[in-house]
Structures are given as structure tokens and as C-alpha cells.
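What follows is the residue order along each chain.
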Amino acid sequence: QVHLVESGGGLVQAGESLRLSCVASERTFSGYAMAWFRQAPGKEREFVAGVTGGGSTYYADSVKGRFTVSRDVAKNTVYLQLNRLKPEDTAVYYCNIVRPGTTRTPLFSDYWGQGTQVTVSS
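As the structure is a prediction and not an experimental result, all values here were calculated from the model. (Residues numbered from 1 in each chain as written. Predicted model: local features only at pLDDT ≥ 70, side-chain atom pairs only at ≥ 80, totals over all residues. Heavy atoms only, no water.)

### As for the overall build of the protein chain
Keep this limit in mind: Segments assigned H or I by DSSP are reported as helices when at least four residues long, segments assigned E as strands when at least two residues long, and all are numbered from the N terminus. As a reference, a globule follows 2.2 Å times the number of residues to the power 0.38, and the radius of gyration itself is taken over C-alpha atoms. Per-residue accessibility, obtained with a 1.4 Å probe over protein chains only, is compared with the maximum for each type, and a residue is labelled buried under 20%, exposed over 50%, and partly exposed between these values. In this analysis, two residues are considered to be in contact whenever any of their non-hydrogen atoms come within 4.5 Å of each other.
Looking only at helices and strands, the protein chain has zero helices and ten strands in total. Taken from N to C terminus, the helices and strands of the protein chain fall in the order β-β-β-β-β-β-β-β-β-β. Radius of gyration (C-alpha) of the protein chain: 13 Å, near the 14 Å computed for a compact globule of 122 residues. C-alpha extents for the protein chain along the principal axes are approximately 40 × 25 × 25 Å. For the protein chain, the residues scored as buried account for 47% of the 122 residues in total. Considering only intrachain contacts with a sequence separation of at least 6, the fraction spanning at least 24 residues in the protein chain is 56%.

See the structure below:
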């Protein structure tokens, strides 16, 4: 069972930036796409951004142009740079491995790390 550990969240003001990290415990999935998701209070978890095994990136429309996803294969780590944050970005952010053949479906739908809280004040 892979373990995913997210970090880097915090409390910031609107317009500021944060950088999130996600470390995977297993190298087995180094060729898989990985993605960031978020869940705001009272809402469903939603896709935010993904990066393929080859380094191609893709984003939800709501964050396109503000967030940047990247990965360091050697470190088993995926990053999410959050710029020009808005109050509506407030959520717990999670990472997961992407199910092969899909772009936004988590491989481990029943397993999520502890996540990292991002709170944006107006």
C-alpha cells in the first residue's frame, strides 16, 4: 500500500502564494500520472491539477493560469505551486496516483493521505 504525505499548506491572504508537496512512499508508481485534488467544507472532492509520467500537465479550469503542477521523479514528489490565491481556493488539498487510462480518477479511491489545509482570507 502506497503512502502519500502532503505538506505545505497554511493561512494566507488573497493574492498570495503557497507551494504544496506530496511524497509517495513507493517508486512503483513513478511512471504513473499523479494529481492534486481538493475538498472544501460541505463540498465534494474535486480534481485540481495533474502531471503525467512524462511530465505533461493539465488543470481544472478554475485554477488554470494560477496553479502549476510539477514532479521530481527522483524524489517521488509532486508539487503544486498556488499563485494569486482566492478565498474560494480554501480547502484541504490531497494528492493521489491517477488510474491508468483516465486523467482524473484516483487509483486509490478508498485511500487518501491526511491532506494539507489551505486557507485564504479575503
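Still to come is the rest of the account.
### Re the packing of aromatic side chains
For the record, the criterion: For this analysis, a ring pair means two rings from Phe, Tyr or Trp (six-membered ring only for Trp) whose centres lie within 6.5 Å, classed as stacked if their planes differ by under 30 degrees, edge-to-face if by over 60, and tilted for the remaining angles. A ring is considered to have a charge above it if a Lys NZ or an Arg CZ atom is located within 6 Å of its centre and within 35 degrees of its normal.
Inspection of the entire model under this criterion finds six aromatic pairs. Members of the aromatic cluster, connected to one another through ring pairs, are Phe 37, Phe 47, Tyr 58, Tyr 94 and Trp 112. Directly above the aromatic system of Tyr 79 lies the positively charged group of Arg 19, at a separation of 4.0 Å from the ring centroid. Over the ring of Tyr 94 we find Arg 45, and its NZ or CZ is 4.4 Å from the ring centre.

### Notes on unusual backbone geometry
At Asn 76, a residue that is not glycine, the phi angle is positive and equals roughly 55°. Looking at where Asn 76 falls in the secondary structure, it is placed in the loop between strand E7 (67-72) and strand E8 (77-82). Here Arg 84, not a glycine, exhibits a phi torsion of approximately 50°, which is positive. If you trace the backbone, Arg 84 turns up in the loop between E8 and strand E9 (91-97).

### Topic: the pattern of salt bridges
The line we're drawing: Think of a salt bridge as a Lys or Arg side-chain nitrogen and an Asp or Glu carboxyl oxygen that are within 4 Å of each other.
Per the counting criterion, the structure on display carries four salt bridges. A salt bridge links Asp 89 to Arg 38; its shortest N-O distance comes to 2.9 Å. Of this pair, Asp 89 sits in the loop between E8 and E9 while Arg 38 sits in strand E4 (residues 34-39), placing them 51 residues apart in sequence. Here Asp 89 matches Arg 38 in class, with each residue buried. The salt bridge partner of Asp 89 is Arg 66, with a shortest N-O separation of 2.7 Å.

### Considerations on the pairing of E7
The condition is simple: In this scheme, strands are said to pair when DSSP sees at least two bridges between them.
Here E7 shows a clear split, with Phe 67, Val 69 and Arg 71 buried on one side and none of Thr 68, Ser 70 and Asp 72 buried on the other. Of the pairings in the sheet, the one linking E7 to E8 comprises six bridges and is antiparallel in character. By the bridge assignment for E8, Thr 68 is matched with Gln 81. What sits between the antiparallel neighbours E7 and E8 is a turn of four residues, in which Asn 76 has the positive phi angle 55°.

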